[in-house]
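# Examination of the molecular architecture
Each chain, letter by letter, is given below.
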Amino acid sequence: MERLIPILFLIACPVVSQAARSITLDVSFPYYQERSDESIVEEIRANDFGDIRLISAKPPLVEAFKEANIQTWLLTFMNGAYSTAGLPDGWKNWQMKLSKPAKPDGFTYFCCNNPAYRKWKRDQLVEALSASEYYGVDLVEPYFPGYPDPTADIYGCLCDHCVAAFKKMYPEMKGPPDFSDPKSPRYWKTDKALYERWVGFRVASVVSYLDEIVNGAEGIRDKCPKIKISTWSLAVDIPNQIAKLRESEGLDAAAIVKRVKPDMHVVQTHWPDWMKPGLSAKYPLKYKPVVDSIKEVTPLLPIMLQADIGSRVEMRRSRSWLNDLEKRAREAGFESVTSYEYSIGNYMYTEAPKVVKVEAEPDGLKLVFNKRLDATTASNLSNYSVNTGRVDYAKVDGNTVRLSISGADGEIEVTISGLTDDESRRLYHDKPARKIEDNTRVSLTEELDE
Ligand SMILES: [Zn+2]
């Protein structure tokens, strides 16, 4: 057996695996509507992504990504929902109790200390993961809201379940801190010992919630043992961020990975950072304390950075920014980056349509573009001319066009003008549609013409 060791060492050593480039797709966005699943997969592949985090996807799209050998993760929000449609009766009882009345912002917070919500979330995840061939699951935003501290507009949770759980954990305490009355003996700013225990209680709640969903009886590993687990937490560019994240959201990345033992961990960019219009692509280096805290307890765990590339008009990120970000993330100890969300990056507003692949079809050619096309210009036959034969029709599906060509003799060359991308499918409408370069000429490429 001893002689095997150097051989195994040699085999193990040169394999330096480069993680596939990742992107997040929220398929409830207009960009993904009214086109085939195949065209979505084709576009993501044409843009060189091998790892997909999917929001709101239906099983056929998951299957289509799997067939294309693209790793597909189910991305799910752990502390609430953007839509309450379809939730079972009683969901209103799951809501967090916030210290101030919540302003309606489209998100309903649910409390992880509510046993009914915990069970529903576990069963619903197991069901979704059993129904489709996902590679893994992203357990996103498991936290309590409250940045930067209890003075936040949204701070929770103070529901009966949390109060009872806190008293059970600290029977010597009379109850949670008082967050509103400075004269109270339990006021959070004056009774520091009580507040410290409260912070620890919120951290412990998040960790035990994730642990039960992942490792508990009838949880994900019990019911879906092949599914890879990805836990998530936040990072933010402020001094002493590890202590501050414990205080504000009850998040402690090291405590999560130590207990839950995920297959990977994702560090999500917090809103005070992603909202900055001029955010430097070097910012992953500011997250190194969080990365180091994870590596200290799980040195080999792959860590991914999550970035936002265009939720607001003023912070849409370019492709070169994203490339730079990936480089800086690796310098900070991340293995890879995923971004929210593919269709909202600045490139969608600035890049012209381009043909990236030409394939032979029984009756003509299939043109694959880098992005979604405007169906009117792309189906207009006068925008195509051929060196031989004639174009009978152009069928548009997302980023692909099937040209039916009759009477051709020899290799077909297509000249394209006038096509635009689909401006109406973008998140914001402040930039004109982009047009393909006039007289773009394409033919079957050598590698594909077999
Ligand atoms: Zn609660």
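Here the structure is shown first, and the text comes after it.
Please read all numbers here as calculations on a predicted model, not as lab measurements.

### Brief notes about the overall build of the chain
When helices and strands are tallied, the chain shows 14 helices and 17 strands. Reported as C-alpha extents along the three principal axes, the dimensions of the chain are approximately 90 × 65 × 40 Å. Here the chain holds 450 residues, and the buried ones make up 52% of them. Looking at the chain as shown, the accessible area adds up to about 21,500 Å², and 52% of this sits on carbon and sulfur atoms. Of the side-chain charges in the chain, 59 are positive and 65 negative, and the distance between the mean point of each set is 7 Å.

### Section: the coordination of the zinc ion
Octahedral metals with six donors have ideal donor angles of 90 or 180 degrees. Tetrahedral metals with four donors have an ideal donor angle of 109.5 degrees. Distances from the zinc ion to its protein donors, namely Cys111 (SG), Cys157 (SG), Cys159 (SG) and Cys162 (SG), fall within the range 2.2 to 2.3 Å. Its 4 donor atoms give the zinc ion angles of 97 to 118 degrees at the centre, a pattern that matches the tetrahedral case. Ordering the donors of the zinc ion by residue number gives the pattern C-x45-C-x1-C-x2-C. In this pair, Cys111 sits in the loop between β5 (108-109) and α4 (115-131) while Cys157 sits in the loop between β6 (136-140) and α5 (160-169), placing the two residues 46 residues apart along the sequence. As far as burial versus exposure is concerned, Cys111 and Cys157 are alike and both buried.

### Brief notes about the packing of aromatic side chains
Inspection of the entire model under this criterion finds 27 aromatic pairs. Ring geometry for Trp91 versus Phe110: centroids 6.2 Å apart, planes at 65 degrees, classification edge-to-face. Taken together, the positions of Trp91 in the loop between β4 (80-81) and β5 and Phe110 in the loop between β5 and α4 put the pair 19 residues apart, joining distant regions of the chain. Of the two residues, Trp91 and Phe110, neither departs from the other in class, the shared state being buried.

### A look at the sheet that holds strand β17 (residues 440-443)
One open sheet holds the 3 strands; their spatial order is β13-β16-β17, and the pairing between them is antiparallel. The open sheet terminates on both sides in strands that have one partner only, identified here as β13 (384-386) and β17. The sheet shows a mean angle of 25 degrees between the axes of neighbouring strands, taken without regard to direction.

### Things to note about the sheet that holds strand β15 (residues 400-406)
Within a beta sheet, neighbouring strands are joined by backbone hydrogen bonds and run either parallel or antiparallel to one another. Spatially, the 4 strands line up as an open sheet ordered β11-β12-β15-β14, and their pairing is antiparallel. Every other strand in the sheet has two partners, leaving β11 (355-361) and β14 (390-397) as the edge strands with one partner each. Taking each pair of neighbouring strands and ignoring which way they run, the sheet shows an average axis angle of 20 degrees. In this structure, strand β12 (residues 364-369) lies alongside β15, joined through 5 bridges in antiparallel fashion. Bridge pairing in β15 links Leu365 to Leu403. Sitting on the sheet, helix α2 (residues 37-46) touches β11, β12, β14 and β15, and the angle it makes with β11 is about 130 degrees.

### Brief notes about the nonpolar core
If you look at the biggest cluster of nonpolar residues, it comprises 112 residues, and the most contacted ones within it are Leu25, Phe65, Ile220 and Tyr342. Excluding its chain neighbours within four sequence positions, the residues that come into contact with Ile220 are Leu125, Val126, Leu129, Val137, Leu139, Ile213, Val214, Pro225, Ile227 and Ile229.

### Description of the environment of Met96
Relative to the elements of secondary structure, Met96 occurs in the loop between β4 and β5. Put simply, Met96 and Pro150 are 54 residues apart on the chain and 14 Å apart in space, counted from C-alpha to C-alpha. Those residues in contact with Met96, other than ones at most four positions away along the chain, are Asn79, Tyr109, Phe110, Cys111, Tyr143, Phe144, Pro145 and Cys157.

How each quantity is defined
Residues numbered from 1 in each chain as written. Predicted model: local features only at pLDDT ≥ 70, side-chain atom pairs only at ≥ 80, totals over all residues. Heavy atoms only, no water. Helix = DSSP H or I, 4+ residues; strand = E, 2+ residues; numbered from the N terminus. Buried < 20%, exposed > 50% of the residue type's maximum accessible area, 1.4 Å probe, protein only. Areas by Shrake-Rupley, 256 points an atom, 1.4 Å probe, with all protein chains shown as cover. Lys, Arg positive; Asp, Glu negative; His and termini not counted. Charge placed at Lys NZ, Arg CZ, Asp CG, Glu CD. Donors = N, O, S within 2.8 Å, 3.2 Å for Na, K, Ca; no water. Tetrahedral: all angles 85-135°; square planar, octahedral: opposite > 155°, others 65-115°. Phe/Tyr/Trp six-rings, centres within 6.5 Å; stacked < 30°, edge-to-face > 60°. Pairing = 2+ DSSP bridges. Axes fitted to C-alpha atoms, helices over the stretch in contact; angles between N-to-C directions. Contact = heavy atoms within 4.5 Å. Core = buried A, V, L, I, M, F, W, Y, C linked by side-chain atoms within 4.5 Å.

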